[in-house]
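Read off the chains here:
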Amino acid sequence: MVTPIVFIGDSITEAWGFHRQATFAAHDLIPRGGSGQTARWITMRFRRDLEETGAQGVHLLCGVNDIGRNEGFFVPAEDIARTLAGMLDEARALGVTAWVGSILPAARIPWNPAVPDAPAMIAAVNAWLREHAHEHGATFIDYHAVLADEFGALRRAYTTDGLHLSPAGYQAIEPLMLSALGRMPAGDTLQASGGATGRTFGRRWRAVLAAAVTVFIAGLVLMLVLR
């Protein structure tokens, strides 16, 4: 029997439940996102959301609004991590399985350009989650790795404003999410990972082939010159 999992977070979770309603319905996922809410605000409803939904699992994704100073003041990365850890500890105390997603990549905070160090803050919180989430009974899901471009910003094809995801962005991370939650059939999991691997292998093979052709042509030219 599939047990419900509640998705608790900010506007990114709220929009996820809106844009991808079919995915949430198919896998018994319950969206509880609150636009603009910081992690500290979310702690005030965290237990209530768990109890009202009767969920046996929780997916937590928040923290960027703390970085964006939505409460009007600077919040250090370690304080954001401490707040997230507190919610994970609460879930464990209630016997609820927990997953925590990385903060999504962003080159800047769209609504607060005065924040000068958003990428560094995001990286610091994500590094802490990667290293310590398991100590608080949670599984870490690295969405940042899927969504970031070579400069560490959110890929343009996946976003509406440089921070929030477009429907394509949500679709891009759903295989990772469903696999982590155990909601993806084994065949689909292999296909999803194999597809990425296959594309990587294909790119490498084309690069090797191009290099070989270049060497071959250079050899022919050299032979003609030396004749």
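Here's what I pulled together on the structure shown here.

Here is what the cut-offs are and how they apply
Counting of residues starts from 1 at the beginning of each chain's written sequence and follows it residue by residue. Under the rules for a predicted model, residues below a pLDDT of 70 receive no local features and side-chain atom pairs below 80 are neither given nor counted, while totals for whole chains, interfaces and linings still include all residues. Side-chain metrics rest on all non-hydrogen atoms present in the structure, leaving aside hydrogens and water. In this description a helix means any DSSP run of H or I spanning at least four residues, a strand means any run of E spanning at least two, and both kinds are numbered starting from the N terminus. Remark: exposure states derive from per-residue accessible area (1.4 Å probe, protein chains only) relative to the maximum for the residue type, with buried under 20%, exposed over 50%, and partly exposed in between. When two rings of Phe, Tyr or Trp (its six-membered ring) have centres within 6.5 Å they constitute a pair, described as stacked for plane angles under 30 degrees, edge-to-face for angles over 60, and tilted for the intermediate range. The distinction between a cavity and a pocket rests on a 1 Å grid over the protein atoms alone: a 1.4 Å probe fits inside a cavity but cannot get out, while a pocket stays open yet meets protein on both sides within 12 Å along at least five of seven lines, and a residue with an atom within 4 Å of a point counts as lining. Grid points are joined across faces, edges and corners, and a volume is the space filled by probe spheres set on the points. Here the term charged refers only to Asp, Glu, Lys and Arg, the term nonpolar to Ala, Val, Leu, Ile, Met, Phe, Trp, Tyr, Cys and Pro, and the term polar to all other amino acids, Gly among them. Note on contacts: a residue pair qualifies if any of its non-hydrogen atoms lie within 4.5 Å across the two residues. By this rule, a helix spans an expected 1.5 Å times one less than how many residues it contains. Note that the bend at a residue is defined as the angle between axes fitted to the seven residues ending at it and the seven residues starting at it.

### Some words on unusual backbone geometry
Residues apart from glycine generally show negative phi values, whereas peptide bonds are mostly found in trans.
So, point 1. For Asp28, which is not glycine, the phi dihedral falls at a positive 55°.
So, point 2. By the element assignment, Asp28 lies in the loop between helix 2 (21-26) and strand 2 (29-33).
So, point 3. The phi torsion at Arg69 lies on the positive side, around 60°, for a residue other than glycine.
So, point 4. In this fold, Arg69 is placed in the loop between helix 4 (64-67) and helix 5 (77-93).
So, point 5. By relative accessible area, which is 27% here, Arg69 ends up partly exposed.

### Here's the deal with the packing of aromatic side chains
So, point 1. Across all of its chains, the model carries 5 aromatic pairs by this definition.
So, point 2. In this structure an aromatic cluster arises from ring pairing among Phe7, Trp16, Phe24, Tyr143 and Tyr170.

### Comments concerning empty space enclosed by the protein
So, point 1. Considering all chains together, one arrives at 1 cavity of 30 Å³ or more under this definition.
So, point 2. As a volume, the largest cavity reaches approximately 40 Å³.
So, point 3. Residue lining of the largest cavity: Asp10, Ile12, Leu61, Cys62, Gly63, Val64, Ile103 and Leu104, and that is the complete set.
So, point 4. Among the residues making up the lining of the largest cavity, the classes are represented as 6 nonpolar, 1 polar and 1 charged.

### Observations regarding the side chain of Thr23
So, point 1. Within the secondary structure layout, Thr23 lies in helix 2.
So, point 2. The class of Thr23 is buried, set by a relative accessible area of 11%.
So, point 3. Excluding residues within four positions of it along the chain, Thr23 makes contact with Leu29, Glu174 and Met177.

### With respect to helix 3 (residues 39-53)
So, point 1. Here helix 3 is 15 residues long and its end C-alpha atoms lie 20 Å apart, about the 21 Å a rise of 1.5 Å per residue gives.
So, point 2. The largest bend along helix 3 reaches roughly 45° and is located at Arg45.
So, point 3. Each element contacted by the buried residues of helix 3 is listed here: strand 1 (5-9), strand 2, strand 3 (57-61), helix 4 and helix 5.
So, point 4. At the C-terminal side of helix 3, Gly54 shows a positive phi close to 65°.

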